[in-house]
Amino acid sequence: MATTKNEIDFLLHLADNALIIGHRNSEWCGHGPILEQDIAITNIALDYIGQARNLYQHAAELINQHTDKIELTQTGKDISLPVTEDSLAYLRDVVEFKNLLITEIPNGDWAQTSLRLFLLSQFQLELFTQLLKHEDPQVAAIAEKSIKEISYHVKWSQDWVLRLGDGTEESKRRMQNAIDAIWAFTGELFIQPEYATAACLNYAAIQTAWNQKVSAIFEEAGLVIPAKTFVQKGGATGMHTEHLGYILAEMQYLQRAYPNSEW
Amino acid sequence: MVNSATTQHAEIWQILETVMDPEVPVLSVVDLGVIRAVAVEGKQVKVTITPTYTGCPAMDMIAMQIKMALMAAGYEPIIKTILSPAWTTDWMTEKGKQQLQAYGIAPPVGKSIDAAYLEDLVVPCPQCQSTHTVLVSQFGSTACKALFKCEECKEPFDYFKCH
């Protein structure tokens, strides 16, 4: 039972990551620097929301199979069973969300948005590659499917880090500023959540691979990793920045105001 | 009249050939490579499909259209979605690729299995066949397409990207 509870929490962690980064990227819709890039970032948002759906669907399936005492919410307001992908996305509150802080911080400028995606997708690529060996075949299947899309995200965002970092004085300044602003949120990527108990996981290996790849791109682009900074953490256990509440308020408004509405 | 299982099977595949991808209406779901299995038992048909992209909004519609086409032919369809093995453009039929080309969308170049999707590829223009083309964006009008431009005929075109 403990295994199932852990797997559910881990699935929600992955799903919340995908949903929140998808939501953030979708905020660029209609605001991208040029039409093609506006389309690119919204396509990426769509991929993430698709991944979130797969993960929530599977989490919902496990939750509904184990209705005997799986505490879903910390706030005491229980989500009625059976849960669905929608109730998991729309009816949980800030403290119940398990996404990493890096996914919820504001977009900032284009440099910050593409840099965040680069740092996150590079991490996800390593993590999902490990999940291919997950003992639950459906988790492995979701990972297999997601990796293909994430590979594109890595390539796209990496191109922007290189292009801006190795571009004009202004673009370099912006990319370096973005690194300085976001870096404190990268430490949390490698803190293994308590519920991440699957045997296939090795966060130390993820960190080593991530460091190598990120440093190589920064070096090529002439960008500098900040000297030791404070590590912001807590997202994976429900302690969030002030930003998540605003995202949920916007995203969940309709379902909260008009329960079960469809369109 | 009694239908043998094989004739029924053939009939179902024929019906599936008439269900088109709503975003690329020249491509049937069979040519797109999303039909993974068909199992028939009497009037009950179980069709197993796999999504192209996880967030593709066309997938719900495809499942619905398959269901309706089979119901119209008197079957009781059940649609099951599986994620693994993950869909790849390698499963697109040759006929499908030709139809894409004729429709003005460049078909996937190279095999996904060779990680061709991560390389910079030469994609011939579907209008004038020139290979003097450039990638405008990895992401196009739908999740499955990239945007290219032909330097010869100056026309932009969609590329069904290798996946």
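Residues numbered from 1 in each chain as written. Chains lettered and ligands numbered in written order. Predicted model: local features only at pLDDT ≥ 70, side-chain atom pairs only at ≥ 80, totals over all residues. Heavy atoms only, no water.

Asker: Where do I start with the pairing of strand β1 (residues 35-41) of chain B in this structure?
Answerer: Regular strands show a simple pattern: their side chains alternate between the two faces of the sheet. Residue and element names in this part refer to chain B. As paired strands, β1 and strand β2 (residues 44-49) are joined by six bridges and run antiparallel to one another. Its bridge partner lying in β2, Val40 is registered against Val45. Taken together, β1 and the strand that follows it, β2, pair antiparallel across an intervening segment of two residues, in which Gly42 is found at a positive phi of about 65°. (Pairing = 2+ DSSP bridges. Helix = DSSP H or I, 4+ residues; strand = E, 2+ residues; numbered from the N terminus.)

Asker: How do you make sense of the interface of chain A and chain B when you look at a structure like this?
Answerer: Contacts between chain A and chain B engage 23 residues on the former and 28 residues on the latter. Roughly 2300 Å² of surface becomes buried between chain A and chain B when both sides are summed, with 60% attributable to carbon and sulfur atoms. At the junction of chain A and chain B, the tally comes to one salt bridge. Here B:Asp60 and A:Arg53 are joined by a salt bridge, their closest N and O atoms 3.7 Å apart. Of all the secondary-structure elements, those providing two or more residues to the side of chain A that touches chain B are α2 (35-65) and α6 (137-165) of chain A. In terms of residue count, α6(A) provides more of the side of chain A that touches chain B than any other element does, twelve residues in total. (Contact = heavy atoms within 4.5 Å. Buried area = accessible area lost by both parts, 1.4 Å probe. Salt bridge = Lys/Arg side-chain N within 4 Å of Asp/Glu carboxyl O.)

Asker: How should I be thinking about the sheet that holds strand β7 (residues 156-160) of chain B in this particular structure?
Answerer: In sheet architecture, strand pairing relies on hydrogen bonds along the backbone and comes in two forms, parallel and antiparallel. Residues and elements named next belong to chain B. Taken together, the four strands give an open sheet; going across it, the order is β4-β7-β6-β5, and neighbouring strands pair in mixed fashion. The sheet terminates laterally at β4 (105-106) and β5 (133-137), the two strands that pair on one side only. As judged from the four bridges shared by β5 and strand β6 (residues 145-150), these two strands associate in the antiparallel manner. Among the inter-strand pairings, Leu135 is bridged to a residue of β6, identified as Phe148.

Asker: So what exactly am I meant to see when it comes to the side chain of B:Thr54 here?
Answerer: Here B:Thr54 is to be found in the loop between β2 and α3 (58-72). In this structure B:Thr54 comes out as buried when scored by relative accessible area, which is 12%. A polar atom in the side chain of B:Thr54 sits 3.3 Å from the backbone oxygen of A:Asp47. Within polar-contact distance, the side chain of B:Thr54 engages the side chain of A:Glu149 at 2.8 Å. Apart from the residues lying within four places of it in its own chain, the contact partners of B:Thr54 are A:Asp47, A:Gly50, A:Gln51, A:Asn54, A:Lys145 and A:Glu149. (Buried < 20%, exposed > 50% of the residue type's maximum accessible area, 1.4 Å probe, protein only. Polar contact = N/O pair within 3.5 Å; in protein donor to acceptor, adjacent residues only side chain to side chain.)

Asker: Where do I start with the packing of aromatic side chains in this structure?
Answerer: Tallied over the full model, the rule gives 13 aromatic pairs over all chains. Their ring planes at 35° and their centres at 5.7 Å tell us that A:Trp183 and A:Trp210 sit as a pair that is tilted. Taken as a pair, A:Trp183 in the loop between α7 (169-182) and α8 (203-221) and A:Trp210 in helix α8 lie far apart in primary sequence, 27 residues in all. Look at A:Trp183 and you get buried, because its relative accessible area is 12%. Aromatic pair B:Phe148 and B:Phe157: ring centres 5.7 Å apart, planes at 25°, arrangement stacked. B:Phe157 carries the same exposure label as B:Phe148, and that label is buried. An aromatic cluster of at least three residues, connected via ring pairs, comprises A:Phe118, A:Phe123, A:Trp183, A:Phe190, A:Trp210 and A:Phe218. The positively charged end of B:Arg36 is found above the aromatic ring belonging to B:Trp91, 3.4 Å away from the centroid. Over the face of the ring belonging to A:Tyr152 we find B:Lys161, whose NZ or CZ atom lies 4.6 Å from the ring centre. (Phe/Tyr/Trp six-rings, centres within 6.5 Å; stacked < 30°, edge-to-face > 60°. Lys NZ or Arg CZ within 6 Å of the ring centre and 35° of its normal.)

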